[in-house]
Amino acid sequence: MVALLALSALALAFAAAAKRRFHERIDDEARALLVDARPPAARVVEARDLERLPPPVRRWLTAAGVVGHARAATARLRQRGQMRTGADKPWMPVVAEQYFSVDPPGFVWRVDGRMMRFLPIAGRDRYADGRGNMLIKLASIITVADGAGPEIDQGTLLRYLGEIVWFPSAALGDTITWEAIDDNSARATMRYAGVTGSIVFGFDDRDRLVSEAADRYMSTGGGAPRLERWVIPVTEWQRFGGIEIPSRGGAVWKLAGGDFDYYRWEIVDVEVNHAALYADDPGPPPPEARR
């Protein structure tokens, strides 16, 4: 019995050390991302900056309140949500934090959850120098996914492009071009480091973002990535720092066999131009924590 307890304690200590090392690696990547971010040429968004944009994009940014606010050079956010690895798999609660650079475009996303309520799983998605890498580990020890290559590069570029809605002044960036489709939708195309991707942004009658849709490569569990329709529905909005952004939504693969709803997310905190990790400088608690 004593030997079993000692072995259990050793296993727990080993897992804790592995988690700490994995998080330290991710933190180092995030710090490097923030340090390399370049300040924008113009510090504040002016109404004239929106004139070149298609009408639905111009109305969205105006309604969101970006005019008169600082252009984002960096952003950081906290998420919580639910994730699953298959349509027949159970949902697992997750928490995440993410760091962005606008110029050069990039992000580091760290997520932690528990499979089957007890098995810890940690992940990191990274977009840097135009290249993507998704790394997932069980108990921060066993690597279950380490995706890289042209398809991952395209996917992480699309992810970055889709997530500028959380710091929407980035929609004015030089790597992004906009084209109106109709009065309530526009196509954004991003070109960077030899990779190109496009997302259709959909807006409602109140000029809020309500959906994103793109053709994105989907990992197939060991097989070659497959190009599928990827959709981000938005269901709630909230103001952070005076700017309205999507605060709750999902992520869905539109597959031939039916929709695969794989991620349900909620944004609980966003800050722009606060180029520090939460671990280094937590800042004020999010509004929900202050109540």
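Here goes a summary of the coordinates provided. (Residues numbered from 1 in each chain as written. Predicted model: local features only at pLDDT ≥ 70, side-chain atom pairs only at ≥ 80, totals over all residues. Heavy atoms only, no water.)

## Observations regarding the packing of aromatic side chains
Line of reasoning, step 1. Using the criterion set out here, one finds 14 aromatic pairs in the structure.
Line of reasoning, step 2. Consider the rings of Phe 100 and Phe 167, whose centres lie 4.7 Å apart with planes at 50°: the pair is tilted. Note that Phe 100 is positioned in strand E2 (residues 92-101) and Phe 167 in the loop between helix H3 (150-163) and strand E7 (176-182), a separation of 67 residues in sequence.
Line of reasoning, step 3. By relative accessible area, which is 0% here, Phe 100 ends up buried.
Line of reasoning, step 4. One aromatic cluster is present, built from ring pairs that chain together Phe 100, Phe 107, Tyr 127, Tyr 160 and Phe 167.
Line of reasoning, step 5. The residue whose ring lies beneath Arg 208 is Trp 237, and the NZ or CZ to ring-centre distance is 3.8 Å. (Phe/Tyr/Trp six-rings, centres within 6.5 Å; stacked < 30°, edge-to-face > 60°. Helix = DSSP H or I, 4+ residues; strand = E, 2+ residues; numbered from the N terminus. Buried < 20%, exposed > 50% of the residue type's maximum accessible area, 1.4 Å probe, protein only. Lys NZ or Arg CZ within 6 Å of the ring centre and 35° of its normal.)

## Brief notes about empty space enclosed by the protein
Line of reasoning, step 1. Taken as a whole and assessed by the stated rule, the structure comprises one cavity of 30 Å³ or more.
Line of reasoning, step 2. Of the voids in this model, the largest cavity is the one considered here, and its volume is about 60 Å³.
Line of reasoning, step 3. Of all elements in the fold, only helix H2 (55-64) and strand E12 (243-255) reach the threshold of two or more residues within the lining of the largest cavity.
Line of reasoning, step 4. Counted by class, the lining of the largest cavity contains eight nonpolar, no polar and three charged residues. (1 Å grid on protein atoms, 1.4 Å probe; cavity = no way out; pocket = protein on both sides within 12 Å on 5 of 7 lines; lining within 4 Å. Points joined across faces, edges and corners; volume = space filled by probe spheres on them. Nonpolar A, V, L, I, M, F, W, Y, C, P; charged D, E, K, R; others polar.)

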